[in-house]
Amino acid sequence: MTADKPLRADAQRNRDVLIAKAREVFDAGDFFDLRFDDFARLAGVGTGTLYRHFPTREALAEAVYHGEVAALCDRARQLQATLPAAEALATFLRGMVDHIDAHEGLARTLATLMADRSGDLAEGSRALEQAVTDLVAAAVRDGTVRDDVDAGAVMMALHGIGAAHDRPGWRAEADDVITLVLDGLRRPL
């Protein structure tokens, strides 16, 4: 299968259902409890179909990861197109906390699986950082956000929030960190 050649409709459906089932398993934190072939059974496809689309467990995890990143980037663009710049940024950052909270198992599974494959995650990380950069830049142009802080600092805060997920009271603290970030970005009057 090449990236240039579009899949037949049935092949695309099979690929999509494999990714969806893998995401469910990741979210539940059961990824390491299953044999790789079990993903085919859960998705209702043959093992040949699984291996044709995803020759390894890591390839399946990478597809789930890239799908998540694409959805988050689409969300950032949608917010930027429909809300005032500062509101779009705040809504996106608060939505990221919601996402991290809702998909804790996915994040842990991907972190474990991809620990030695950082290059595979780099493309997605760059895309997500670009989405945050675009939101911050729009708010700077709008005059609502300081121009001396870049998106890298915002991304560090998001990474820290994700890494601290085991803390008691994580959700309230994560919301507080986002409030601190937004207050720190706000242009002084």
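In what follows, the structure referred to is the one given above.
Basis of the calculations
Residues numbered from 1 in each chain as written. Predicted model: local features only at pLDDT ≥ 70, side-chain atom pairs only at ≥ 80, totals over all residues. Heavy atoms only, no water. Helix = DSSP H or I, 4+ residues; strand = E, 2+ residues; numbered from the N terminus. Polar contact = N/O pair within 3.5 Å; in protein donor to acceptor, adjacent residues only side chain to side chain. Core = buried A, V, L, I, M, F, W, Y, C linked by side-chain atoms within 4.5 Å. Buried < 20%, exposed > 50% of the residue type's maximum accessible area, 1.4 Å probe, protein only. Contact = heavy atoms within 4.5 Å.

Enquirer: Where do I start with the side chain of H53 in this structure?
Expert: Note on placement: H53 falls in helix 3 (residues 47-53). Polar contacts involving the side chain of H53 include one to the main-chain carbonyl oxygen of A11, which spans 3.5 Å.

Enquirer: Is there a simple way to explain the nonpolar core in this structure?
Expert: Nonpolar side chains in soluble globular proteins tend to be buried together. Judged by nonpolar contacts, the single largest core of 34 residues is most densely connected at L89, F92 and L93. Looking at this core, the elements with two or more residues in it are helix 4 (57-82), helix 5 (85-102), helix 7 (118-142), helix 8 (151-163) and helix 9 (170-185). It is helix 5 that provides the largest number of residues to this core, a total of eight residues. Not counting the four nearest positions on each side in its chain, L89 is found in contact with L135, V136, V145, L182 and L185. If you look at the next biggest cluster of nonpolar residues, it comprises 19 residues, including A22, F26, L50 and V64.

Enquirer: Looking at this structure, how should I read the environment of L18?
Expert: Relative to the assigned elements, L18 resides in helix 1 (residues 9-28). Separated by 27 residues in the primary sequence, L18 and V45 place their C-alpha atoms 8.2 Å from one another. Not counting chain neighbours up to four residues away, the residues in contact with L18 comprise F39, A40, A43, V45, T49, L50, H53, F54 and L60.

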